[in-house]
Amino acid sequence: MTHAPGPAPRAGEPVDVADTSVGELMSNVLKDLSTLVRQEVELAKAEVKAEAGKAAKGAGMLGGAGFAGYMVVLFLSIALWQGLANVMDAGWAALIVAVVWVIAGAVLYATGRREVRRVNPKPERTVETLQQVPDAVKGERR
């Protein structure tokens, strides 16, 4: 009992489904839902791709800034070495600059190690939420 397809109804306009079977209605709903999900996935992919491009560009710029910072520290260290070499032997001046960098490196290492040890690799809230999914599907609540 299907009828010839006429012009598509406009949004908000009532559709006459009196002669349509429940199976056909369900098929249409599932088809529309499938199309909607597919379109949403494509939209999400496009958005993620655009954002990933922005993130890559920003990461490249941060890398360049890090290299520039490294060069500044290198040349400041050389300048300090040369400045100290004006009042003492160049070897001792180089040793003093190296010791300053050993101390800075040790402090950064200890701080970084402490921060890494504080990281919890297990996503606690996600695990808890995922444990509730089977109960939610069954209609139970925790």
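Residues numbered from 1 in each chain as written. Predicted model: local features only at pLDDT ≥ 70, side-chain atom pairs only at ≥ 80, totals over all residues. Heavy atoms only, no water.

## Structural notes on the overall build of the protein
- A tally of helices and strands in the protein yields three helices and zero strands.
- Walking the protein from its N terminus toward its C terminus, one meets helices and strands in the order α-α-α.
- Across the 142 residues in the protein, those meeting the buried criterion constitute 4%.
- Within the structure as shown, the protein displays about 12,400 Å² of accessible surface, and the carbon and sulfur contribution to it stands at 67%. (Helix = DSSP H or I, 4+ residues; strand = E, 2+ residues; numbered from the N terminus. Buried < 20%, exposed > 50% of the residue type's maximum accessible area, 1.4 Å probe, protein only. Areas by Shrake-Rupley, 256 points an atom, 1.4 Å probe, with all protein chains shown as cover.)

## Thoughts on the pattern of salt bridges
- One pass over the full model with this rule turns up three salt bridges.
- Ionic pairing is found between Lys54 and Glu51, a salt bridge with its closest N-O pair at 3.2 Å. Placement of both Lys54 and Glu51 in helix H1 (residues 22-85) is noted, with a separation of three residues, approximately one turn of the helix.
- With a relative accessible area of 55%, Lys54 lands in the exposed category. (Salt bridge = Lys/Arg side-chain N within 4 Å of Asp/Glu carboxyl O.)

## Notes on the UniProt feature "transmembrane region" (unreviewed entry) in the protein
- Per the UniProt annotation, the sites labelled "transmembrane region" (unreviewed entry) are residues 59-84 and 90-110.
- Helix makes up 100% of residues 59-84 and strand 0%. Its end C-alpha atoms lie 37 Å apart. (UniProt positions renumbered as here; feature names shortened; annotations may be inferred.)

## Some words on a nonpolar patch on the surface
- There is a patch of nonpolar side chains on the surface, built from Val87, Met88, Trp92, Leu95, Ile96, Val99, Val100, Ile103 and Val107 and spanning about 840 Å² of accessible area.
- The topology assignment puts Ile103 in helix H2 (residues 90-117). (Patch = residues over 30% accessible without salt bridge, like charges linked within 9 Å, V, L, I, M, F, W, Y side chains within 5 Å.)

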